[in-house]
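# Geometric and topological summary
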Amino acid sequence: MSTLGDLVRYLKIYRKYLGRRMYLVFVLASATAIASGFGITLLLPLLKASQSGGSDPAEMGTAEELLYDVLGWMGIADSMGGILAFIALVFVGKGLLSFANGGYQSYLQSQLHRELKSQLFDAYTGMDFRHYISKSTGHFINVINAQVGRFYGSFKSFAGFLTQILTTVSYFGFALALTWKFSLLAIGVGAVILYLFKYLNSYVRTLSRKSSREASTLNNLLVQALQSLKYIVSTNQTEHLRSRVTDSIWRLTGYSLRQGLASSL
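Our subject in this report is the structure included herewith.

This paragraph deals with the overall build of the chain. A count of helical and extended segments in the chain gives 10 helices and 0 strands. Since a compact globule built from 265 residues should have a radius of gyration of about 18 Å, the 27 Å found for the chain marks it as more spread out than a globular shape. Treating the 25 positive side-chain charges of the chain as one cloud and the 13 negative ones as another, the clouds have centres 17 Å apart.

Structure follows, in structure tokens:
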């Protein structure tokens, strides 16, 4: 499946649990991105104002002229202090929007965590007995604890990823208005990188599934060990069980390491 297809599929999954209120995250992220892009764009008139000759309208593009007119209307076009104060104001506003966005994301994450755990517990108490005996206790513990936590974390990564996309679009929008040739080149390079990353995305998905299965195996071994601890100790089977647990831990942490490296890349 393509990266875009994955994003749409995950968006539908999150909406199933959170509803339309999740879209407010993207509204706040868009406002934050626009404020950030505008604040960076203001560095251009600041640099021009620092020059001894000031700004020369003949050397400006259409977007620069519009920006300069706005600053001129505010009476700070050639004032370094005035432009700096305006930039500071824009970035304070961006910081407040970013705080509101992060706070609302945390609220939605807590709601998602609460609803998933409650629904899974209800599903456990009403599941078919044949399904119950077909799975280990470790599997059920892994799903309601570890995998719910991973799904909860995936929403945070998903929201952060889309926030970065909106920020990038905002930056490119302002950059296109100022210097379209270089911006188109950067967009082309970015598209190639995004295409290559779909293979990394597939690799991480495979690791995630292996990690989930291994976590179920490890949880099952731990549950067996704790439930039969007296028998294991009295029959001197501790070392045998420990080797199986150690092997499982090494496999699980190996998957986590590779996922972390892929995320860093």
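The geometry of helix α5 (residues 80-125) relative to helix α7 (residues 137-178) is characterised by a closest axis approach of 10 Å and an angle of 155° between their N-to-C directions. It follows from the interaxial angle that α5 and α7 lie roughly antiparallel. When the axes of α5 and α7 are compared, the crossing they make is right-handed. Classifying every residue of the contact of α5 with α7 by side-chain character gives 14 nonpolar, 9 polar and 2 charged.

The next subject is the packing of helix α2 (residues 23-41) against α5. Two packed helices can be described by the angle between their axes and the distance between those axes. Between α2 and α5, whose axes approach to 9 Å, the crossing angle comes to 160°. With respect to each other, α2 and α5 are oriented roughly antiparallel. For the element pair α2 and α5, the recorded crossing hand is left-handed. Facing Leu24, Val25, Leu28, Ala29, Ala31, Thr32, Ala35, Ser36, Phe38, Gly39 and Ile40 of α2, the residues of α5 in contact are Phe86, Ile87, Val90, Phe91, Lys94, Leu97, Ser98, Ala100, Asn101, Tyr104, Gln105 and Leu108.

Its 48 residues give helix α8 (residues 180-227) an end-to-end C-alpha distance of 67 Å, which sits within 8% of 70 Å, the value for a rise of 1.5 Å per residue. For α8, the principal kink sits at lysine 198 and spans about 25°.

The next point concerns a positive patch on the surface. Together, Arg209, Lys210, Arg213 and Arg258 give the surface a local cluster of positive charge. Broken down by element, the positive patch gets its largest block of residues, 3 residues, from α8. By the secondary structure assignment, lysine 210 is in helix α8. On the basis of relative accessibility, which here comes to 35%, the residue lysine 210 falls in the partly exposed class.

In this section: the layout of surface pockets. A volume near 1,700 Å³ is recorded for the largest pocket. What lines the largest pocket is a set of 36 residues, among which Tyr10, Ser154, Ser157, Asn201 and Val204 lie closest to the centre. Those elements that place two or more of their residues in the lining of the largest pocket are α1 (3-18), α5, α7, α8 and α10 (238-264). Of the residues contributing to the lining of the largest pocket, the split by class is 18 nonpolar, 12 polar and 6 charged.

Taken as a whole, this structure holds 3 salt bridges when the rule is applied. Between glutamate 115 and arginine 21 there is a salt bridge; the shortest N-O distance is 3.2 Å. Of this pair, glutamate 115 sits in helix α5 while arginine 21 sits in the loop between α1 and α2; the two residues are 94 residues apart in sequence, bridging distant segments of the chain. Classification of arginine 21 by relative accessible area gives partly exposed; the value is 27%. Across the salt bridge formed by aspartate 128 and arginine 130, the nearest N and O atoms sit 4.0 Å from each other. For aspartate 128, a relative accessible area of 45% puts it in the partly exposed group.

Thresholds, definitions, all that
- Residues numbered from 1 in each chain as written.
- Predicted model: local features only at pLDDT ≥ 70, side-chain atom pairs only at ≥ 80, totals over all residues.
- Heavy atoms only, no water.
- Helix = DSSP H or I, 4+ residues; strand = E, 2+ residues; numbered from the N terminus.
- Rg over C-alpha atoms; globule rule 2.2 N^0.38 Å.
- Lys, Arg positive; Asp, Glu negative; His and termini not counted.
- Charge placed at Lys NZ, Arg CZ, Asp CG, Glu CD.
- Axes fitted to C-alpha atoms, helices over the stretch in contact; angles between N-to-C directions.
- Parallel < 35°, antiparallel > 145°, perpendicular 65-115°, else oblique.
- Left-handed = near helix turned anticlockwise from the far one by under 90°.
- Nonpolar A, V, L, I, M, F, W, Y, C, P; charged D, E, K, R; others polar.
- Contact = heavy atoms within 4.5 Å.
- Expected span 1.5 Å × (residues − 1).
- Bend = angle between axes of the 7 residues up to and from the residue.
- Patch = residues over 30% accessible without salt bridge, like charges linked within 9 Å, V, L, I, M, F, W, Y side chains within 5 Å.
- Areas by Shrake-Rupley, 256 points an atom, 1.4 Å probe, with all protein chains shown as cover.
- Salt bridge = Lys/Arg side-chain N within 4 Å of Asp/Glu carboxyl O.
- Buried < 20%, exposed > 50% of the residue type's maximum accessible area, 1.4 Å probe, protein only.
- 1 Å grid on protein atoms, 1.4 Å probe; cavity = no way out; pocket = protein on both sides within 12 Å on 5 of 7 lines; lining within 4 Å.
- Points joined across faces, edges and corners; volume = space filled by probe spheres on them.

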